[in-house]
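# Notes for the structure review
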Amino acid sequence: MKKIVIFDSTLRDGAQAPGISFSVGDKIKIAEALDRLGVDYIEAGNPGSNPKDLEFFEYFKGKSLQHAKLIAFGSTRRKGILPEEDNNLKALLSAGTDSVCIFGKSWDFHVTNILNATLEENLAMITDTIRFLRDNGKEVIFDAEHFFDGYKNNASYAMAALDAAVAGGASCLVLCDTNGGCFPSEIEAIVKTVAAKHPSVGIHTHNDGEMAVANSIVAVEAGANHVQGTFTGFGERCGNANLSAIIPSLQIKAGYACIPAENMPLLTETARYISETANLSLSSRAAFVGRNAFAHKAGMHIDGVTKASTSFEHVDPEAVGNQRQYLISEVAGGSAFLAKMQKIDPAIAKGSPEMAAIIQGIKEREHMGYQYEGAEASLSLFIRKKLGKFKPSFKLVNFRVIGERPYDAGRSASARICIEVNGQRVFAYDEGIGPVGALDKALRKALYEFFPVLKDVYLTDYKVRVLDNKHATESMIRVLLESTDGKDTWTTVGASGDILDASYQALVDSIEYKLKMS
């Protein structure tokens, strides 16, 4: 298997995404997760422009990662000064990493119109900078910024920029589609030309044309042996190449070695952990690692997968640490229902009275307004109840919710609840933004003493749909709640003519599901 070096830039390029602001603690946790997965390089920031990055590098001084090398990132020296006089290069040395990544201009337009330097001076800046860092014992990876646009505009100068990096001692030449607008055919042709001349070529693509993953893969097929990206694809503008899609595509499907084979099942867990730490919602449709990546709804598809998974799955979900789902809906066939039931009770047979009763019960519930296609946790609990395999962890006595105006800071409603646990009555009161938020907080407060595991659980999404507009404010309401414990995510449903009642049903299912799965 040909080795492909994986260079993760989540903590540097990913940090440039709108809405992302990593704390030093966040960066440390993400770096450790990437190291456990087995990437080769972790680009952790620019110590010359960000004190937070300096603190991060200081934390890792004297510490060894299991697999990855940390990378400090910076630019070539400023024009008109020597490398040893450049404060950014001094900061790079102070980071204490064995390896650094330097970006430099390879598009003549950028050199003359943005950098306001001569073409010759830019080449000298590239060589001088890399040689200076090499003389100080650093491995240097060179990112040729805007390489593909530069090559299309002036191929000889773009290639001269690479030659200047080689003259300085760069270990790898990374070709950057910085504007993210190239087609795979362009990437393939240009990478082939460069790889024919230079033995170590990398690829760094952006997703402005929705082709960053495809461009990275064709670059490898054209001769690149180093891939840069971020781990779920977030980054500036439309994002970077998504390593959580590139790694399994290359390793499982194309026969390249990207990470240790035994670590591939950590892929989904790592993607979700990084998204959670970055305070981002990982798309349910994300390839390989999304909740719907192996979700089947059509009856024909489900029947096919239960007989032979390859009939409708391009890889085994367990190979990347994900799970197969059969979605229950009006287009699902009997195979979907049976598979769901057999997860809870393997003894249930096709056509059995138990199966018929559960299917009938689901249809009746859907007629009332429940929808289980997007609420796997509630469906699991419903099946358990029908099979007599469910015992409630607690029982509601009553609750009261009061909305308030004008709003106080952090409060627009209050909730008082009484529940019964093991025959003991418990009262709790809390306040929140909105009645559902207040009710959620009060319920959890009442349960923490008995079930400490719930302290890790919180809501990540809340959706409300009016099911029928014939009765105005008395219409049936469906509520979908998404919850997480930081590792797993699950969805529950409630339906009622009362939005608080529907919300409470979904809240209870969320809590019961966590308790039953713990």
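Definitions and limits used
- Along each chain, the written sequence defines residue order, and numbers are assigned to residues from 1.
- Only residues with pLDDT of 70 or above have their local features reported here, since the model is predicted, and side-chain atom pairs are shown and tallied only from 80 upward, although totals for entire chains, interfaces and linings are computed over all residues.
- Each side-chain value is derived from all of the structure's non-hydrogen atoms; neither hydrogens nor water enter the calculation.
- Each helix is a run of H or I in the DSSP string that is no shorter than four residues. Each strand is a run of E no shorter than two, and both are numbered from the N terminus.
- Working definition: with a 1.4 Å probe on protein chains only, accessible area under 20% of the residue-type maximum means buried, over 50% means exposed, and in between means partly exposed.
- Contacts between residues were defined by any pair of non-hydrogen atoms, one from each residue, lying within 4.5 Å.
- Exposure was quantified through the Shrake-Rupley algorithm and a 1.4 Å probe, taking into account, for residues, occlusion by the shown protein chains and nothing else.
- Neither His nor the chain termini are counted; the positive set is Lys and Arg, and the negative set is Asp and Glu.
- Lysine's charge is taken at NZ, arginine's at CZ, aspartate's at CG and glutamate's at CD.
- Ring geometry is summarised as follows: Phe, Tyr and Trp rings, the Trp one being its six-membered ring, pair when their centres sit within 6.5 Å, and such pairs are stacked at plane angles under 30 degrees, edge-to-face over 60 and tilted between the two.
- In this analysis the charged atom, NZ for Lys or CZ for Arg, is taken to sit over a ring once it is within 6 Å of the ring centre and within 35 degrees of the ring normal.
- The criterion for strand pairing is that DSSP finds at least two bridges linking the strands in question.
- Axes, fitted as lines to C-alpha atoms, cover a helix only where it is in contact. Angles between the N-to-C directions of the axes lie from 0 to 180 degrees.

This part takes up the overall build of the protein chain. When its secondary structure is counted, the protein chain shows 17 helices and 16 strands. Along the three orthogonal principal directions, the C-alpha set of the protein chain runs to about 80 × 55 × 45 Å. Expressed as a percentage of its 518 residues, the buried residues of the protein chain come to 52%. Looking at the protein chain alone, contacts between residues at least 24 apart form 65% of all its contacts between residues at least 6 apart. Here the protein chain displays about 22800 Å² of accessible surface, and carbon together with sulfur accounts for 50% of that area. Computed over 56 positive and 63 negative side-chain charges, the separation of the two mean positions in the protein chain equals 5 Å.

With that out of the way, let us pick up the packing of aromatic side chains. Taken as a whole, this structure holds 12 aromatic pairs when the rule is applied. Seen in terms of ring centroids, Phe56 and Phe60 are 4.9 Å apart; in terms of plane orientation they differ by 55°. Their pairing is tilted. In this pair, Phe56 and Phe60 both sit in helix 2 (residues 51-60), 4 residues apart, roughly one turn of the helix. On the basis of an interplanar angle of 50° and a centroid distance of 6.4 Å, the ring pair of Phe450 and Phe451 is categorised as tilted. For Phe451, a relative accessible area of 18% gives the class buried. Among the aromatic residues, ring-to-ring pairing joins Phe56, Phe57, Tyr59 and Phe60 into one connected group. Its guanidinium or amino end placed over the ring of Tyr59, Lys63 lies 4.2 Å from that ring's centre, counting from NZ or CZ. Between Arg365 and the ring centre of Tyr370, over which it is positioned, the NZ or CZ distance is 3.8 Å.

Now for the sheet that holds strand 15 (residues 477-484). Ordered by their spatial adjacency, 3 strands build an open sheet running 14-15-16, and the pairing between neighbours is antiparallel. Of all strands in the sheet, those with a lone pairing partner are strand 14 (458-466) and strand 16 (489-496), marking the two edges. Recorded for the sheet is a direction-independent mean angle of 15° between the axes of neighbouring strands. The strands that helix 17 (residues 499-517) touches are strand 14, strand 15 and strand 16; relative to strand 16, the one it contacts most, it runs at about 150°.

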